[in-house]
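Chain by chain, the residues:
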Amino acid sequence: MYRSHNCGELRAANINEEVTLAGWVQKSRDKGFIVWVDLRDRYGITQLVFDEERTSKDMMIQAQNLGREFVIQVKGTVIERASKNPNIPTGDIELLVSELNLLNEAILPPFTIEDDTDGGEELRMKYRYLDIRRNPVRESLIFRHKVTQEVRNYLSGEGFIEVETPYLIKSTPEGARDFVVPSRMNKGEFYALPQSPQTFKQLLMVGGMDKYFQIVKCFRDEDLRADRQPEFTQIDCEMAFIEQEDILNAFEGLTRHLLKEVNGVEVDKFPRLLYDDAIRLYGNDKPDIRFGMAFGELNDVAQHKDFNVFNKAELVVGIAVPGGNSYTRKEIDKLIDWVKRPQIGALGMVYCRCNDDGSFKSSVDKFYDQDDLAQWAKVTGAKAGDLICVLSGDTDKVRTQLSALRMELAERLGLRKPDEFAPLWILDFPLLEWDEETERYHAMHHPFTSPKPGQIDLLKTDPGAVKANAYDLVLNGNEIGGGSIRIHDKQTQALMFDYLGFTEEEAKAQFGFLMDAFQYGAPPHGGLAFGLDRLVAILGGQETIRDFIAFPKNNSGRDVMIDAPAPIDDEQLEELSLKLNLKS
Ligand code: ASP
């Protein structure tokens, strides 16, 4: 038996018991005549004591030579500590060691195994197994386990069945590039790793599984924007014989369950916002609604004067910054510089102070009188003490810019509180989106998403205006899930492929199996997928997903610990009938 107890377990009630512990040396203090060692495992820390009077000379020397992260086993008696440590649960006791076994030595770790470590990100990733010994990382992984357990509990309780789907498949169209795997047995042919199990879960519905879920890895070969991973995990779900409303209720239920069980937070019915309204009110389709600062469109009240910047703009739009009138001129100038940075790209910013006495002072007083500015305040919902920030220009651009400013200001004002949760549904996404590069429409969600009933004909005349039965679940300014009601008949699916620019042959080659299946009695179905990594991070009050992934990749998609990706040897290439053609 390696241990009778773990290192976080012993209390005053165990005093005088003979116990065996095993773990890592966190640190030791050597006073010559007495040595204290902090022994650590997953569960906590127990102090060990060796002293001249009660410990043999040999063991004393052995104890003095224990280095950081040595793995040891100790037997001894639990005794009361002379000076107690109220900061740790085992702080009332220590273990007077009678037997010390060295299980393994350790070389000096490249960073300290402490909550606040001296190791930088890259170093910690290279030695992630050491990083995982640190409390914050271990706790994040345990937290993730708790979330996935609750997901499984809840969905199983609701009659969902977890079904595994294959990883070696054919391309699934989620809008990213595929990772491909060459087939040795089928020379010149490749599998694609799933960007999601989308087609398989639809086939499970055709197979009558009715309620499916899977906690599953997905693979997308994208240029990695900050905080994305080439392989990530989804809670993937699908249901048959349902309408959009059923899906929203089912997964609102799951999210509410998680918030309650994991965070102890009860949330009312989730608000719902149409996509068009989200864009109009917040400038993006994943608004953070923990705070207000909704957009006020000012065209009507700002385009009747001689201020040409506004007059020639497609959209003039502002937000009221709570308490912003306290900003100094210098601070406001800094904000203006902030929106003018190339990453944001605004040409400038007009502002209006809302004074406590009800008067206004704007940066464009030459053009607008008090009555005009009172209108601005009304439209943006500004109160005395606020600052109205106004941007103008092309509608899409200016909305994106103001959205960035809104988030930045909220961050600075401390309005994005990690322990507050504000979920909402965004509904009625456009079916298609125009892609400037390829100059054609792409499915905004994926090509299996059904248009709103009665809008199929609109595809011919005004494709951009067609709305889909597609929805996203947003939490604290992050898209945590998204899905749609699917097309479930062959004709509509073929039509959809046609509109998306697939030839009949291409559609057949890529998705013939799905269209075939639809001929054998496909039930109406739909579903959604949550991004588990992000969901866990947000529930854990963090915004970076890396902390919640045991072995994440860096921004270049590398695993710096195992050093992957890596070249393969000529023999392997030969076996796969592959030849490299590297251009340096
Ligand atoms: N497969 C979709 C995705 O990965 C989710 C869904 O439509 O259910 O975003």
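So, here is what we can say about the structure in this document. (Residues numbered from 1 in each chain as written. Predicted model: local features only at pLDDT ≥ 70, side-chain atom pairs only at ≥ 80, totals over all residues. Heavy atoms only, no water.)

**Focus: the sheet that holds strand β15 (residues 360-362)**
Part 1: Here we have five strands laid out as an open sheet, ordered β12-β13-β16-β14-β15, and antiparallel in their pairing. The sheet is open, and its two borders are formed by β12 (296-297) and β15, each paired with just one other strand.
Part 2: When β12 meets strand β13 (residues 315-321), the two strands line up antiparallel, connected through two bridges. Residue G296 lies in a different strand from β13, and its bridge partner there is G318.
Part 3: Sheet contacts for helix α11 (residues 370-380): β12, β13, β14 (350-354), β15 and β16 (387-393); angle to β15, the most-contacted strand, approximately 95 degrees.
Part 4: Contacts between helix α12 (residues 395-412) and the sheet are confined to β12, β13 and β16, with β13 contributing the most and set at about 10 degrees to the helix. (Pairing = 2+ DSSP bridges. Helix = DSSP H or I, 4+ residues; strand = E, 2+ residues; numbered from the N terminus. Contact = heavy atoms within 4.5 Å. Axes fitted to C-alpha atoms, helices over the stretch in contact; angles between N-to-C directions.)

**Focus on the packing of helix α10 (residues 329-340) against α12**
Part 1: α12 packs onto α10 with a crossing angle of 135 degrees between their chain directions and a minimal axis gap of 11 Å. When the interaxial angle is binned, α10 and α12 end up oblique. In terms of crossing hand, the pair formed by α10 and α12 is right-handed. Taking contact as the criterion, the partners of L335, W338 and V339 in α10 are, on α12, A404, L405, E408, L409 and R412.
Part 2: Partitioning the contact of α10 with α12 into residue classes produces six nonpolar, no polar and two charged. (Parallel < 35°, antiparallel > 145°, perpendicular 65-115°, else oblique. Left-handed = near helix turned anticlockwise from the far one by under 90°. Nonpolar A, V, L, I, M, F, W, Y, C, P; charged D, E, K, R; others polar.)

**What about the pattern of salt bridges?**
Part 1: The tally for this structure, following the rule as stated, stands at 36 salt bridges.
Part 2: Note that R399 and E297 form a salt bridge whose closest N and O atoms lie 3.0 Å from each other. Of the two residues, R399 sits in helix α12 while E297 sits in strand β12, which places them 102 residues apart along the sequence.
Part 3: By relative accessible area, which is 32% here, E297 ends up partly exposed. (Salt bridge = Lys/Arg side-chain N within 4 Å of Asp/Glu carboxyl O. Buried < 20%, exposed > 50% of the residue type's maximum accessible area, 1.4 Å probe, protein only.)

**Considerations on the sheet that holds strand β20 (residues 470-475)**
Part 1: Taken in spatial order, the eight strands line up as β6-β9-β10-β22-β21-β20-β17-β11 in an open sheet, and their pairing is mixed. In the strand order of this sheet, the two ends are held by β6 (161-162) and β11 (272-274), each with one partner.
Part 2: Examined bridge by bridge, strand β10 (residues 231-240) and strand β22 (residues 525-531) share seven bridges and lie antiparallel to one another. Across the sheet, E238 pairs through a bridge with G527, a residue of β22.
Part 3: Against the sheet, helix α5 (residues 198-206) touches β9 (211-219), β10 and β22, its axis set at about 25 degrees to β10.

**Observations concerning empty space enclosed by the protein**
Part 1: Under the counting rule described, the total for this entry stands at one cavity of 30 Å³ or more.
Part 2: Looking at the largest cavity, its volume works out to about 80 Å³.
Part 3: Forming the walls of the largest cavity are M125, R128, R546, F551, P552, K553, N554, R558, D559, V560 and M561.
Part 4: Along the lines of polarity and charge, the residues of the lining of the largest cavity split into five nonpolar, one polar and five charged. (1 Å grid on protein atoms, 1.4 Å probe; cavity = no way out; pocket = protein on both sides within 12 Å on 5 of 7 lines; lining within 4 Å. Points joined across faces, edges and corners; volume = space filled by probe spheres on them.)

**Thoughts on the site of the ligand**
Part 1: E174, Q198, K201, H445 and R486 are the nearest of the 14 residues found near the ligand.
Part 2: S196 places a side-chain nitrogen or oxygen 3.2 Å from a nitrogen atom of the ligand.
Part 3: Contacts to the ligand include R486, whose side-chain N or O atom sits 2.7 Å from an oxygen atom.
Part 4: Considered on its own, the ligand offers 270 Å² of accessible surface; in the complex 92% of this is hidden by protein.
Part 5: For the shell around the ligand, the secondary-structure elements that each account for two or more residues are α5, β21 (478-485) and β22.
Part 6: It is β22 that provides the largest number of residues to the shell around the ligand, a total of three residues.
Part 7: Considering only residue class, the shell around the ligand consists of two nonpolar, eight polar and four charged. (Near = heavy atom within 4 Å. Polar contact = N/O pair within 3.5 Å; in protein donor to acceptor, adjacent residues only side chain to side chain. Areas by Shrake-Rupley, 256 points an atom, 1.4 Å probe, with all protein chains shown as cover.)

**Focus on the packing of aromatic side chains**
Working definition: an aromatic ring pair is given by the centre-to-centre distance plus the angle between the planes.
Part 1: With the rule as written, the count across this model stands at 19 aromatic pairs.
Part 2: Between F497 and F511, the ring centres sit 5.1 Å apart and the planes meet at 5 degrees, which makes this aromatic pair stacked. In this pair, F497 is assigned in helix α14 (residues 490-499) and F511 in helix α15 (residues 504-518), connecting sequence segments 14 residues apart.
Part 3: Here F497 falls in the buried class, since its relative accessible area comes to 1%.
Part 4: Each member of the aromatic cluster is reached from another via a ring pair, and the members are F307, F310, F367, Y368 and W376. (Phe/Tyr/Trp six-rings, centres within 6.5 Å; stacked < 30°, edge-to-face > 60°.)

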